[in-house]
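Residues per chain, in single letters:
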Amino acid sequence: MFKRPASDIIELLASRLATSSAVYIYDVAEQVGFGTLTKSWSSTMESTAPVISLQTRAGAGLSLVGRLSEGSSQDVVKGAVLTAYTTPAGLAAMAHSLLYLPPATSSSRLIIQVPAATTVGPSFALSPTLASLSTTFSILPDNVVVLLSATPQESIDLAVLAYKLTSSHVIHIFDHHSISREIGHGFVPTLPLKETPSLDVQELIRWSGYQLFDYVGDVNAESVVVLLNGPLALMAKSIASRTSGLGVVVVRVLRPWDGVAFQKCLPDTVKEVHVFDDVPNEVCQGSLFVDVFGSLYDPNSPGPLVRAQRVTPIKMSSFLSDPTLFSTLLAELAHQVPAAVQSDASLTRNLLFFSTPKSALAPLAQIVADSFSSTTSTRLLTDHDIFSKSGGVTADKVVLSREGTEILPMAAAFPAGTADFICVLDASLLKSHSLLSQAKSGAVVLVATSWSPDELLFNLPAVVLSTAVQKKLRVFTIDAQAISSNFGVGVAQEAAQRVAVYLAVLRLYLGKAASEPAIRGLAGDATRDLAQGLQLAKISAASWAALEEVELASGISPAAAEGEGKPSPPLKQFEFNAIAVETDDGQTVVNGSKVSSWHDAAKHLLFPSVFTPPTLPLQEPEEYLQNPSLRPETLDRTYLVTCTVNRRLTPLDYDRNVFHLEFDSEGTGLKYAIGEALGVHGWNDEREVLDFCKWYGVDPNRLVTIPVAADEGKMYTRTVFQALQQQVDLFGRPPKSFYSELAPYATNPVDKLALQFIGAPEGSSTFKKLGEKDTVTFAEVLHRYPSAKPGIETLCEMIGDIKPRHYSIASAQSAVGNRVDLLVVTVEWITPSGSPQYGQCTRYLAGLKVGQKVTVSIKPSVMKLPPDNMQPIIMAGLGTGAAPFRAFLQHRALLAEQGIPVGPTYYYFGSRHRHQEYLYGEEIEAYILDGTITKAGLAFSRDGPKKVYIQHLMLEDATSLASLLKNQEGVFYLCGPTWPVPDVYEALVGALVKNEGHTPESAGEFLMGLKEEERYVLEVY
């Protein structure tokens, strides 16, 4: 059987009860596919440690420190070896918290497993860069060991070793970008079988078979390159082994730094030391340079020159996408001729499969890799691109080589443009993506398509045909669907498709040595399992007969061969930005977007000048112009943002779903002030809309033309489904007038009379019951009176548009940049009839997937920070009313970090339970620790024998609050439900009466005066 990737084995080792007391999984780790399996195992494997999910934010890590600091708790007595999963960016966020770690002991210590995969750039591409940690390593406490691994075996060994270093806390960083996710590497479980001696860190590393530093290259090198262990280090070692005058030092143990050991591994001949540091930009200085410089600096004995080579995320991407850039740079540093990254590329064969995640042929790469794994060294890496195409694109890279071939990152083993064989399992990808640019000259391309060779030539863009001709590619087609139609339906048909294409792949790979019987014999067990009892001989014969070669030379025009045929949109490049995880129960978890299954309207796309409302002339030029077809029915200035985080904050078994959302606004021009609200233009539920269309008897794909309410006389066209899902408030509450307007369309006299009565003044009590108690929707009214069915265009106009729902923005743009955060609680209730009802917009937001686009607008708010940073602020938030105050705190924390003085900051927060609903609790605790919050009042009303609310805590601080408001120009804010307003008002009045000499009447007048001055601000709902 094919082996599991190293990342899976690391998760398995780290999550065992014999290894960890508990596993804390941070959201950022799950977003790169690490931690999903542990969560799955926690419900299916008894030996799995308890799993706790955490958010990554300011102060991340304090809960871990707190757990380890509980010196008298039973957990610590029994043993609290905690494991945390986070990414480099997540580790940077928790670095300051780690300063408070207590000393590590054999029964109380922290191990952090860090999969190196970080989102960078506007395309959200994943990178192995450690740039976010450039300043982190230097501030880690002395009792933290930092291990770095590169190869799969090393990653597993050091993951095990992390738990054997019983006198230290340990951070283990491994390459999750490629190598540790690859399938096909063999592992030898050496360390778990060895009894661990009592040694210090350095000795234990050597005992495990590794060194603190590896030196590779010329023993008399004059130029030495120093890198942290990782993908670039593997490439550098390969280059140095074949480059005269060049040496490479790879740092495996960064903390504790052993300067003496580092000096000993350098050759005596070295004159220049070049330190490659991952840094966020060219002006930053990485911690590795500081370590190396400190080890070599001696004012009494000048040593080698130490030079910084700063590797930004962009530069890292360049080195990985084109390894020759890296080899050229190393050669220049050594004053030598560049050497190839790979020693002998002719001994490897590179196969590349492109598909879509839901395709029946998607597993084909795994099947092909399995069939070669018993006779050759086989590596398989699967990457996903979820942004360049709805539903995503999958790229499977398979590298076949001799046993014992050096292990390099996939970027070096399979550089761009070196595919010997490309299999395109969805022909439409050739029209949208630059796939053939990945092929080497003379490569073979197999396209699974229902198109004939002539149809394929006709449909492909000229630039694709030109690439195929210039690279002298041999292109073949096979119609797997046609073959499988003769072999049953459903699962059997999908299996037949896979067998047919799999046999075609083998035939083309073997070339002249292929024959039908030989292919069938070579396929062996793989096809027998795959065919599942189907007639293999018949599938093989059909596959053999259906394989056709495309005659490129005779089938295309000279203009097309030169790339000058019919114009087409620019081809997209595949960007690796998502990782999929297959759990043991068959579920696929992807940090990706939902695959859309409905068709867009064609008419307004084909004729945009007619059907898209024109924009008015702008008074001043805008850097980011409004898209006129983006919600043309609204007057608001709208923006299309991308969901990047959708994370539940309350436990799954809690009766309230409070969740945190983050949207990326880069490139949209979206600007917002602190305290403003985000208008979300939500959609109706897809299933409910389709069910309504079926009941109403209307084709969801039919086109309708609807007036643009925001511009009288203008019209625009979309499908019925688009209109009912995205625009029409079908599941909103109808006004009284709707019943009167609907009555004339009723063909049943009883329905007509009922609608007329409800719409008349006499029906007010019935209307009130329907609206307030039964909470009926437009759709439910239509169901109750089924004979009233206006035409769909008329119905859309009668109902009206979905209004944007506004939510206080829970972030400060000054602190988070091109990002906007929301704090939302789902609205749901049960009607008297027992039917569940949901708030339209919160339901839409709760279901958002990462990568999904959302239309938003900005609404001004009364929640504004005072003009003077020294003015005290008193914030009182209940539940999700904490949202604007998170923005306030982010901004004040930023000012303090910049050395700008700020006034006292009081924060009151109320909810029912601390454990379940302490919203942004880790951030608040961090703000309390660093002094951003001067005084915090936390009221969890259901946690004690007596209910405590924020007004009770305010009474305890009455003296301070009265002085802040009366004598220091303080500002009071309350955000949340309306019910506590009278009690909070009375608490403030009482404080002023008791401490500032007011009467109740004058205190009330004083507060009303503050309201006029915008110093007593309420935003309640």
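Computed from a predicted model, the values in this text were never measured in an experiment.

### What to know about the overall build of the protein
Phase 1 of the analysis: When you go through the protein residue by residue, the secondary structure sums to 42 helices and 38 strands.
Phase 2 of the analysis: For the protein, the proportion of its 1021 residues judged to be buried stands at 54%.
Phase 3 of the analysis: Taking all contacts inside the protein whose residues are at least 6 apart in sequence as the whole, residues at least 24 apart take part in 76%.
Phase 4 of the analysis: Accessible surface, the protein as shown: approximately 43500 Å² in total, 54% of it carbon and sulfur.

### Details of the packing of aromatic side chains
Phase 1 of the analysis: Evaluation of the coordinates by the stated rule reveals 28 aromatic pairs.
Phase 2 of the analysis: Judged by centre distance (6.3 Å) and plane angle (65°), the ring pair of Phe354 and Phe574 falls under edge-to-face. Taken together, the residues Phe354 in strand β15 (residues 349-355) and Phe574 in the loop between α24 (558-561) and β22 (580-582) connect sequence positions 220 residues apart.
Phase 3 of the analysis: One aromatic cluster is present, built from ring pairs that chain together Phe738, Tyr739, Phe767 and Phe778.
Phase 4 of the analysis: Sitting above the plane of the Phe414 ring, Lys397 keeps its charged end 5.6 Å from the centroid.
Phase 5 of the analysis: Stacked on the ring of Tyr696, the Lys or Arg Lys789 has its end atom at 5.5 Å from the ring centre.

### Re unusual backbone geometry
Phase 1 of the analysis: Residue Pro256 is bonded to the preceding Arg255 through a cis peptide linkage, with omega at 0°.
Phase 2 of the analysis: With respect to the secondary-structure elements, Pro256 resides in the loop between β12 (253-255) and α10 (259-265).
Phase 3 of the analysis: Positive phi, normally seen in glycine, also occurs at His335, with a value near 60°.
Phase 4 of the analysis: Its location among the elements puts His335 in the loop between α13 (323-334) and β15.
Phase 5 of the analysis: Non-glycine residue Lys472 carries a positive phi angle of around 55°.
Phase 6 of the analysis: For Lys472, the position within the fold is in the loop between α18 (462-470) and β20 (474-478).
Phase 7 of the analysis: You can call Lys472 exposed: its relative accessible area is 63%.

### A short note on the sheet that holds strand β38 (residues 1016-1020)
Phase 1 of the analysis: Spatial strand order, β36-β35-β34-β37-β38: five strands in an open sheet with parallel pairing. Each edge of the open sheet carries a strand with a single partner, namely β36 (935-940) and β38. Neighbour-to-neighbour, the strand axes of the sheet open up by a mean angle of 10°, direction not taken into account.
Phase 2 of the analysis: Across six bridges, strand β34 (residues 873-878) lies against strand β35 (residues 905-911) in parallel orientation. When the sheet's bridge partners are listed, Leu878 is paired in β35 with Gly910.
Phase 3 of the analysis: Along the sheet face, helix α36 (residues 883-897) touches β34, β35 and β37 (971-976) and points at about 145° away from the line of β34.
Phase 4 of the analysis: Along the sheet, helix α40 (residues 958-967) makes contact with β34, β35 and β37, crossing β35 at roughly 125°.

### Observations concerning the pairing of β35
Phase 1 of the analysis: Of all seven residues in β35, seven are buried; the element is thus mostly enclosed.
Phase 2 of the analysis: Residues Thr905, Tyr907, Phe909 and Ser911 line one face of β35 and the alternating positions Tyr906, Tyr908 and Gly910 line the opposite face, and both faces are buried.
Phase 3 of the analysis: Tracing the backbone out of β34, into α36 and back to the parallel element β35 gives a crossover that is right-handed.

### Quick word on the nonpolar core
Phase 1 of the analysis: Among the nonpolar cores identified, the biggest contains 77 residues, and Ile171, Ile173, Phe262 and Val292 are the most heavily contacted of them.
Phase 2 of the analysis: Non-local contacts of Ile173, meaning those with residues more than four positions away in its chain, are made with Val114, Ala116, Leu130, Leu133, Phe137, Val146, Leu147, Leu148 and Ser149.
Phase 3 of the analysis: In terms of nonpolar packing, the next biggest core, distinct from the first, is built from 39 residues, Ala365, Ile367, Leu400 and Ile539 among them.

### Things to note about the pattern of salt bridges
Phase 1 of the analysis: If you walk through the whole model with that rule in mind, you get 31 salt bridges.
Phase 2 of the analysis: Across the pair Arg702 and Glu793 runs a salt bridge, and its minimum N-O distance is 2.8 Å. Of this pair, Arg702 sits in the loop between α27 (686-696) and β27 (703-707) while Glu793 is found in helix α33 (residues 792-799), placing the two residues 91 residues apart along the sequence.
Phase 3 of the analysis: Judged by its relative accessible area of 36%, Arg702 falls in the partly exposed class.
Phase 4 of the analysis: In this structure Glu793 comes out as partly exposed when scored by relative accessible area, which is 26%.
Phase 5 of the analysis: One connected set of salt bridges, linked through shared partners, spans Glu662, Arg819, Asp821, Arg886 and Glu923.

### Here we look at the packing of α40 against helix α41 (residues 981-996)
For any two helices packed against each other, the geometry is given by the interaxial angle and the distance between the axes.
Phase 1 of the analysis: Two elements in contact, α40 and α41, have axes whose closest approach is 8 Å; the angle formed by their N-to-C orientations is 85°. The angle between α40 and α41 places the two elements in the roughly perpendicular class. Residue-level inspection shows Ala958, Thr959, Ala962, Ser963, Leu965, Lys966 and Asn967 of α40 in contact with α41, the latter providing Leu988, Ala991, Leu992, Asn995 and Glu996.
Phase 2 of the analysis: Among the residues forming the contact of α40 with α41, the class breakdown is six nonpolar, four polar and two charged.

### Overview of the environment of Val689
Phase 1 of the analysis: Residue position: Val689 is located in helix α27.
Phase 2 of the analysis: By relative accessible area, which is 0% here, Val689 ends up buried.
Phase 3 of the analysis: Taking the C-alpha atoms as reference points, Val689 and Ala779, 90 residues apart in sequence, are found 9.7 Å from one another.
Phase 4 of the analysis: The contact partners of Val689, leaving out residues within four places of it in the chain, are Asn684, Phe721, Leu724, Gln725 and Phe731.

### Side note on the sheet that holds strand β29 (residues 805-808)
Two pairing modes exist for strands in a sheet, parallel and antiparallel, and in both the strands are linked by backbone hydrogen bonds.
Phase 1 of the analysis: Overall, antiparallel pairing links the six strands, which are arranged β29-β26-β33-β24-β25-β30 in an open sheet. Looking at the sheet topology across the chains shown, the edges are occupied by β29 and β30 (819-825). For this sheet the average axis-to-axis angle between neighbouring strands, irrespective of direction, equals 40°.
Phase 2 of the analysis: Summarising the sheet, strand β24 (residues 639-648) and strand β25 (residues 658-664) pair through six bridges and their orientation is antiparallel. Each residue of the ladder has a partner; that of Arg647, found in β25, is His660.
Phase 3 of the analysis: The strands that α36 touches are β25, β29 and β30; relative to β30, the one it contacts most, it runs at about 145°.

### Observations regarding the packing of helix α12 (residues 313-321) against α13
Phase 1 of the analysis: Where α12 contacts α13, the two axes come as close as 4 Å, and the packing angle between them is 105°. Put simply, α12 runs roughly perpendicular to α13. Packed against α12, whose contacting residues are Ser318, Phe319, Leu320 and Ser321, the element α13 presents Pro323, Leu325, Phe326 and Leu329 at the interface.
Phase 2 of the analysis: A breakdown of the residues in the contact of α12 with α13 according to their chemical character gives six nonpolar, two polar and no charged.

### Points about α18
Phase 1 of the analysis: Ala462, Val464, Leu465, Ser466 and Ala468 are the residues of α18 that are buried.
Phase 2 of the analysis: A positive phi of about 55° marks Lys472, the residue just after α18.

### Describing the state of the cysteines
Phase 1 of the analysis: Scanning the entire structure with this criterion turns up zero disulfides.
Phase 2 of the analysis: Of all cysteine sulfurs, the one in Cys693 lies closest to Cys796, which takes part in no disulfide; the gap is 9.2 Å.
Phase 3 of the analysis: For Cys796, a relative accessible area of 6% corresponds to the buried category.

### Points about the side chain of His177
Phase 1 of the analysis: Tracing the chain through its elements places His177 in the loop between β8 (169-174) and α8 (201-207).
Phase 2 of the analysis: Not counting chain neighbours up to four residues away, the residues in contact with His177 comprise Ala116, Ala117, Leu126, Ser127, Pro128, Leu320 and Phe576.

### So, the environment of Thr638
Phase 1 of the analysis: With respect to the element layout, Thr638 can be found in the loop between α26 (608-611) and β24.
Phase 2 of the analysis: A sequence separation of 216 residues divides Thr638 from Val854, and the C-alpha atoms of the two residues are 9.9 Å apart.

### Side note on the side chain of Thr905
Phase 1 of the analysis: Among the secondary structure elements, Thr905 is positioned in strand β35.
Phase 2 of the analysis: Judged by relative accessible area, which is 0%, Thr905 ranks as buried.
Phase 3 of the analysis: For Thr905, the residues in contact, after removing those within four places along its chain, are Ile873, Met875, Leu889, Arg892, Thr932, Ile933, Thr934 and Lys935.

What counts and how
- Residues numbered from 1 in each chain as written.
- Predicted model: local features only at pLDDT ≥ 70, side-chain atom pairs only at ≥ 80, totals over all residues.
- Heavy atoms only, no water.
- Helix = DSSP H or I, 4+ residues; strand = E, 2+ residues; numbered from the N terminus.
- Buried < 20%, exposed > 50% of the residue type's maximum accessible area, 1.4 Å probe, protein only.
- Contact = heavy atoms within 4.5 Å.
- Areas by Shrake-Rupley, 256 points an atom, 1.4 Å probe, with all protein chains shown as cover.
- Phe/Tyr/Trp six-rings, centres within 6.5 Å; stacked < 30°, edge-to-face > 60°.
- Lys NZ or Arg CZ within 6 Å of the ring centre and 35° of its normal.
- Pairing = 2+ DSSP bridges.
- Axes fitted to C-alpha atoms, helices over the stretch in contact; angles between N-to-C directions.
- Right-handed = clockwise from strand over helix to strand, strands pointing away.
- Core = buried A, V, L, I, M, F, W, Y, C linked by side-chain atoms within 4.5 Å.
- Salt bridge = Lys/Arg side-chain N within 4 Å of Asp/Glu carboxyl O.
- Parallel < 35°, antiparallel > 145°, perpendicular 65-115°, else oblique.
- Nonpolar A, V, L, I, M, F, W, Y, C, P; charged D, E, K, R; others polar.
- Disulfide = S-S within 2.5 Å.

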